[in-house]
Amino acid sequence: MRAYERLLKYVVVRTPSDENSSTVPSSPCQFELGKILVEELKSLGVDNAYMDEKGFVYGKLPATSGYEDKVKLGFIAHMDTVADFCDHDIVPVITENYNGEDFPLGTSGRTLTLTDFPHLADCKGRTLITSDGTTILGVDDKAGIAEIMTMLEKVISENIPHGQICVAFTPDEEIGTGAQSFNVEAFDADFGYTLDGDGEGEIQFENFNAYKADFEITGVSVHPGSSKDVMINASLVAMEINSMLPSGETPRGTEGYEGFYHLMSMSGDVSNAKLSYIVRDHDASLMTARLNTLRHIEKLMNEKWGEGIVKLTIAEQYKNMSEIIATCMHLIDNAKKACERANVVPQVLPIRGGTDGCQLSFRGLPCPNLGTGGHGYHGPFEHCTVEGMDQATDVIVELVKIYAE
Ligand SMILES: [Zn+2]
């Protein structure tokens, strides 16, 4: 079976995760896909496959006889999708011999354009898979699942010698909570790769350092008619705080390795106001400087308006995995080699976000990220090509071979 055929099977099982839920997994629909995947793993010959009570699917393909001392290599993809554009059935649209031009998505009024997705020009002649334009496709990250399954099928059916291969399909990546419940011990791999990147050939091991920063402002509210030198309007203090941040250092104004402050939400009246930011930087010392800037603003505001008027709370979200991967760069070198053997151009790119692999890397499972051939994630423009998925599959088959040499 080709990887895209599996993708088509998985995407119709809708699996939006729910950021307002406190259960694991955050939505019961993820169990439904998990059950299907366990059965499929078993039918491929991964007899030990199981799903735990948190919805994580694990399976191990034992090493070929004589290859037990080889690296135990892991592959991970996530089962959930974003909840946006996922409120009704997903109808994949398959277009053979795509003409390489702007592509209208069904009757939705939306169009995949070459301006937004310049890589489409290179997809001319390929078979394009999209949604009908009213939902996501679910290629993030069901393409990854499909490619891992297809790799297993190929390794088993073609008797490719291999060390132990460990696979896991995980819930709740999109809401950032999945990796916490990942059982690194049960997974039992020396190293892993997540398949959760974009285009085939992508290799990612540098991600943001990530923090949340909330300013809470407590004002002094009195009658506006008699408030001279008394009132402290919390909303105005909030606006003052934001104006002290560099205006170009926003997601819109930055790219590549450039970091930013991103105002996610604001609320307020005279008495109370709140500003919620996420702060991102690849460079750890620049990240520290950003956090110090925020602390400096808190200090200045409290000196100006009075102690306790402004309270800043900073919380770490994830760290740049590059410091961990730097100790095992063979993961990157071999991924490049695997791309070349699969006739894919390797592209090492910094991630302007994080992956489950960041947390796993810091928990003892170094875990860079590979492209699946998908594009336009988290909205109705998600798409991929049949050929791109084949190539992404070939890349991980080659990785298995390389680690068995
Ligand atoms: Zn993803």
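Let us look at the structure shown here. If you're wondering where the values come from, they're calculated on a predicted model, not measured in any experiment.

### Some words on the overall build of the chain
Alright, step 1. When its secondary structure is counted, the chain shows ten helices and 18 strands.
Alright, step 2. Relative to a compact globule of 405 residues, whose C-alpha radius of gyration would be 22 Å, the chain shows 24 Å and is just as compact.
Alright, step 3. With the C-alpha coordinates aligned to their principal axes, the bounding extent of the chain is approximately 85 × 50 × 40 Å.
Alright, step 4. Of all 405 residues assigned to the chain, the portion counted as buried reaches 52%.
Alright, step 5. In the chain, 79% of the contacts between residues at least 6 apart in sequence involve partners at least 24 apart.
Alright, step 6. Entry remark: accessible area of the chain is about 17600 Å², with carbon and sulfur atoms responsible for 50%.

### What about the coordination of the zinc ion?
Octahedral six-donor coordination of a metal ideally yields angles of 90 or 180 degrees, compared with 109.5 degrees for tetrahedral four-donor coordination.
Alright, step 1. For the zinc ion, the full set of protein donor atoms is His78 (NE2), Asp140 (OD), Asp196 (OD) and Asp196 (OD), and the range of their distances to it is 1.9 to 2.7 Å.
Alright, step 2. Metal-centred angles of 51 to 145° between the four donor atoms at the zinc ion mark the site as irregular.
Alright, step 3. On the primary sequence, the residues serving as donors to the zinc ion are separated as H-x61-D-x55-D. Here Asp140, found in helix 3 (residues 139-157), pairs with Asp196, found in strand 9 (residues 191-197); they are 56 residues apart in sequence, far enough to count as distant.
Alright, step 4. Asp140 sits in the buried class, given a relative accessible area of 3%.
Alright, step 5. The exposure class assigned to Asp196 is buried, which follows from its relative accessible area of 12%.

### Quick notes on the packing of aromatic side chains
Alright, step 1. Taken as a whole, this structure holds ten aromatic pairs when the rule is applied.
Alright, step 2. Here the aromatic rings of Phe75 and Tyr193 are separated by 6.1 Å at their centres, their planes lie at 20°, and the arrangement is stacked. Of this pair, Phe75 sits in strand 3 (residues 73-78) while Tyr193 sits in strand 9; the two residues are 118 residues apart in sequence, bridging distant segments of the chain.
Alright, step 3. When the centroid spacing of 5.2 Å and the interplanar angle of 70° are considered together, the rings of Phe182 and Phe187 count as edge-to-face.
Alright, step 4. For Phe182, a relative accessible area of 2% gives the class buried.
Alright, step 5. For Phe187, a relative accessible area of 2% corresponds to the buried category.
Alright, step 6. Ring-pair connections join several aromatic residues into one group, and the members of that group are Tyr50, Phe56, Tyr58, Phe182 and Phe187.

About the cut-offs
- Residues numbered from 1 in each chain as written.
- Predicted model: local features only at pLDDT ≥ 70, side-chain atom pairs only at ≥ 80, totals over all residues.
- Heavy atoms only, no water.
- Helix = DSSP H or I, 4+ residues; strand = E, 2+ residues; numbered from the N terminus.
- Rg over C-alpha atoms; globule rule 2.2 N^0.38 Å.
- Buried < 20%, exposed > 50% of the residue type's maximum accessible area, 1.4 Å probe, protein only.
- Contact = heavy atoms within 4.5 Å.
- Areas by Shrake-Rupley, 256 points an atom, 1.4 Å probe, with all protein chains shown as cover.
- Donors = N, O, S within 2.8 Å, 3.2 Å for Na, K, Ca; no water.
- Tetrahedral: all angles 85-135°; square planar, octahedral: opposite > 155°, others 65-115°.
- Phe/Tyr/Trp six-rings, centres within 6.5 Å; stacked < 30°, edge-to-face > 60°.

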